[in-house]
Amino acid sequence: MTTLTNANFRSEELTQKLVASIRAITTRPWNIMEICGGQTHAILQYGLDQLLPAGIQLIHGPGCPVCVTSLESIEQALKIARQEDVIFTSFGDMLRVPGAGQDLFSARASGADVRVVYSPMEAVKIAALNSQKKVVFFAVGFETTVPSIAQSVLHAKRNGITNFTILPANVLVPPAMHAILSSPENRVQGFLAAGHVCAVMGYWEYEPIAARYHTPIVVTGFEPVDILNGILMTVQQLEAGMHNVQNAYRRAVTREGNLTAQGIIAQVFEPVDRNWRGIGLIPLSGLGLRPEFQTFDVHEHFELGHETLAESPLCIAGSVLRGVATPHDCPAFGRQCTPGTPLGAPMVSSEGACAAYYRYQRVKA
Amino acid sequence: MTQAGYPEMQGPNCPLPISKREMVVIGHGSGGQLTHELIRDVFQSRLGNPLLNAGNDSALLDLSQALPAGQRLVVSTDAHIVSPLFFPGGDIGRLSVCGTVNDLAMMGAQPRYLTATFIIEEGFLISDLEKIVDSMAAACAEARVQLVAADTKVTEHGKSDGIFISTTGIGWARSTPRIAGDQARPGDAVLVSGPMGNHGIAIAQARGNLGFQSNVVSDTAPLNSLVGQLLAEVPNVHVFRDPTRGGLATTLVEISRQSSVTIELDEKAIPIDPPVRVACELLGLDPLYLANEGKMLVILPAEFAYTALRVLRANPLGNQAAIIGHVTKRPQPQLLLKTTLGTTRVLEMLSGEMLPRIC
């Protein structure tokens, strides 16, 4: 528990030292993207953006699983959840994400059996206890949630739990970084890589990206001191014209990552093309079940179809997620679109850029 | 056919009607013999007083002596549904008394009488009902209120969820100066009577939602003694409010809007127990938005802040009280938090249900 409450990573003194170092070395403006929604949340929660020199702009990346899960997946989730013999399980955030019309909360209010779980293993337990029901888990999230989802599929297979399936919607970070950096409208000059993702996957995957796009990438944690340290190391590289992958989160991350977790992922999943909400199709950016685990794919059990669905015309979530616009650029922000009545997914999760702005920056203090 | 645990009966037999039941059945809500037994054995035996025991359609309260001149009658009602019904530090019975007692106390009132309605699902264990009524009786004694009227209804199995309890309370409070949410003024200090978020985490844990063990206990408690002691020494209180659902942040946003003022909080000063903080970090919850059932906010002119702090801390219910912020005037009413790093951010109301983050 000591690491969790360790005040060092929130120390005002260390924070001020890091801010002074960043100020001392910054000679011109830089645009740095933090990939992860957890970092966006921490930056705005602690007001770290207020401490940086004016030229350093933090761009909030697409690393919020709730935000980038495609409209099609959410509509499929709703369709499955409304079936009479289904118990639909999901991480809490996903329940409030609007599909084309409803969200899972309203499906639950209309009688669907939708349950919040903290871990996919809970869904497997529910399946074991309700053999007459089909229990479906909404598999969302980045590389961080995948090992436990893979584990739950393996557990179900080993124990012959055949009424458990997943709706696969997991996504991968490196293909999204490629998509951002290769876009003609890209403004990102340096990346804070997501520490928790790297704890699982290591950071060897990022080395070709940094080299190809001449962009520094610094593996960064989630506490104020971690984030400012990541920013400092990124600015140091930018000012020196360097583009290496560096690790500012050594207490959790190694270059190789967690090989056991990677092994479990590779055993159960394989890369597939995936649609990102607001961004579009990114090749090989998602994870689907390998052929030997196909019976755990909910698509094998339900006819779900593939409709093309339209987002609210007011919502500029795609531009926000690519770092091309900020929530303040959106005419609907704080008016038609609020956390209570979200038009787009980034307004839903507290990790979503729009919700984070709404909570912490709606009225400039 | 033999049922497990029962001897096989031979030949025809005529069982006696069951006189002592272990569960609530529809007949308990019929108004007949079973209802009377339930009232006598479960309710009057525990909560009984001459007003309740009179058994009339209404309780007759003689307030001519009780209600002093210049005092006003204060009324509040509150429905209680909670899952699970029993949790560390309380149960729905204690909650249903404290909820209404505290609503009255937050107007500066001393609560006197309560009424209660019980909506019980068929099949509910009488032994659980007895435990709940026992803890209501204990909470009434603690708060020095009398339950003077009650009603019981029974629903078919599946038409409600265990037990719902709705309570209504009356008490009296001074009429001026008024204590209310619209009375916060620039220059006031903001105090809280103890650490935030214990009830919310205790409930999440009792639901089995944490996935780990913690020793957090709900703070459910009647606050009227604390209010009475404080008003006796510091009558100049502008606002009392208990930060229940929506937590500290939502409650203070409400007050900032009602009073058209800005409230500035100092994050470092807000008391939060370490286990609550850790649970929140693990689950991605914010303790400033978690429910409390035995804490209150006090807003009063800054010159009385330290006297108020001393009075609060002298009572076990307020021994971790703290001054957490102050009221200012800004162009638009809002709640600001000065973070531990010295930056400032805006706090909003909780929107919808608080959801744990994915990663």
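Residues numbered from 1 in each chain as written. Chains lettered and ligands numbered in written order. Predicted model: local features only at pLDDT ≥ 70, side-chain atom pairs only at ≥ 80, totals over all residues. Heavy atoms only, no water.

1. Overview of the pattern of salt bridges
Next up, step 1: Overall, the coordinates contain 23 salt bridges over all chains when judged by the stated rule.
Next up, step 2: Residues Arg290(A) and Glu270(A) are paired through a salt bridge, measuring 3.6 Å at the closest nitrogen-oxygen approach. Remark: Glu270(A) occurs in strand β10 (residues 269-276) and Arg290(A) occurs in the loop between β11 (280-289) and α15 (317-321); sequence separation between them is 20 residues.
Next up, step 3: A relative accessible area of 25% means that Glu270(A) is categorised as partly exposed.
Next up, step 4: Asp151(B) is the salt-bridge partner of Lys153(B), the closest N and O atoms lying 2.6 Å from each other.
Next up, step 5: Relative accessible area serves as the criterion here: at 32%, Asp151(B) is assigned to the partly exposed category.
Next up, step 6: Each of Arg10(A), Glu223(A) and Glu281(B) takes part in salt bridges that share partners, so that together they form one network. (Salt bridge = Lys/Arg side-chain N within 4 Å of Asp/Glu carboxyl O. Helix = DSSP H or I, 4+ residues; strand = E, 2+ residues; numbered from the N terminus. Buried < 20%, exposed > 50% of the residue type's maximum accessible area, 1.4 Å probe, protein only.)

2. Focus: the packing of helix α6 (residues 224-233) of chain B against helix α9 (residues 305-314) of chain B
All names here are of chain B.
Next up, step 1: Direction vectors running N to C along α6 and α9 enclose 145 degrees, while the axes themselves pass 9 Å from each other. In this structure, α6 crosses over α9, and the sense of that crossing is right-handed. Contact residues: α6 offers Leu-226, Gln-229, Leu-230 and Glu-233, while α9 offers Thr-307, Ala-308, Arg-310, Val-311 and Leu-312.
Next up, step 2: Residue composition of the contact of α6 with α9, grouped by class: five nonpolar, two polar and two charged. (Axes fitted to C-alpha atoms, helices over the stretch in contact; angles between N-to-C directions. Left-handed = near helix turned anticlockwise from the far one by under 90°. Contact = heavy atoms within 4.5 Å. Nonpolar A, V, L, I, M, F, W, Y, C, P; charged D, E, K, R; others polar.)

3. Comments concerning the packing of aromatic side chains
Next up, step 1: According to the stated counting rule, one finds six aromatic pairs over all chains in the structure shown.
Next up, step 2: Ring geometry for Phe91(A) versus Phe137(A): centroids 5.3 Å apart, planes at 90 degrees, classification edge-to-face. Here the residue Phe91(A) occupies a position in the loop between β3 (86-90) and α7 (104-109), and Phe137(A) occupies one in strand β5 (residues 134-139), the gap between them amounting to 46 residues. Each of the two residues, Phe91(A) as well as Phe137(A), counts as buried.
Next up, step 3: It is Arg251(A) that lies over the ring of Phe9(A); its NZ or CZ is 3.5 Å from the centre.
Next up, step 4: Positioned above the aromatic ring of Phe86(B), the side-chain terminus of Lys131(B) is 5.1 Å from the ring centre. (Phe/Tyr/Trp six-rings, centres within 6.5 Å; stacked < 30°, edge-to-face > 60°. Lys NZ or Arg CZ within 6 Å of the ring centre and 35° of its normal.)

4. Topic: the state of the cysteines
Next up, step 1: Enumeration over the complete set of coordinates arrives at one disulfide over all chains.
Next up, step 2: The thiol sulfur of Cys198(A) is not disulfide-bonded, and the nearest other cysteine sulfur, from Cys36(A), lies at 9.9 Å.
Next up, step 3: Judged by relative accessible area, Cys198(A) falls into the buried class, the value being 0%.
Next up, step 4: With no disulfide of its own, Cys98(B) has Cys140(B) as its nearest cysteine by sulfur position, at a separation of 8.9 Å. (Disulfide = S-S within 2.5 Å.)

5. A word on helix α3 (residues 37-46) of chain A
All names here are of chain A.
Next up, step 1: The element α3 is extensively covered by neighbouring structure, given that nine of its 10 residues are classed as buried.
Next up, step 2: For α3, the set of buried residues is Gly-37, Gly-38, Gln-39, Thr-40, His-41, Ala-42, Ile-43, Leu-44 and Tyr-46.
Next up, step 3: Just downstream of α3, Gly-47 is the residue with a positive phi angle, here 65 degrees.

6. Here we look at helix α8 (residues 120-129) of chain A
All names here are of chain A.
Next up, step 1: Of the residues making up α8, those classed as buried are Pro-120, Ala-123, Val-124, Ile-126 and Ala-127. Seen along its axis, α8 keeps its buried residues to an arc of 160 degrees; they face one direction. With respect to the buried face of α8, the exposed residues turned more than 90 degrees away are Lys-125 and Leu-129.
Next up, step 2: Of the surrounding elements, those touching the buried residues of α8 are β3, β4 (113-116), β5, α9 (146-158) and β6 (164-168).
Next up, step 3: At the N-terminal boundary of α8, the capping side chain belongs to Ser-119, with an oxygen 3.0 Å from the backbone nitrogen of Met-121. (Arc of directions from axis to C-beta. Polar contact = N/O pair within 3.5 Å; in protein donor to acceptor, adjacent residues only side chain to side chain.)

7. Some points on the side chain of Ser70(A)
Residues and elements named next belong to chain A.
Next up, step 1: For Ser-70, the location among the structural elements is in the loop between α5 (65-68) and α6 (71-81).
Next up, step 2: Taking the relative accessible area as the measure of exposure, Ser-70 reaches 8% and is therefore buried.
Next up, step 3: If near-sequence neighbours (up to four positions away) are discounted, Ser-70 is found in contact with Asn-275 and Arg-277.

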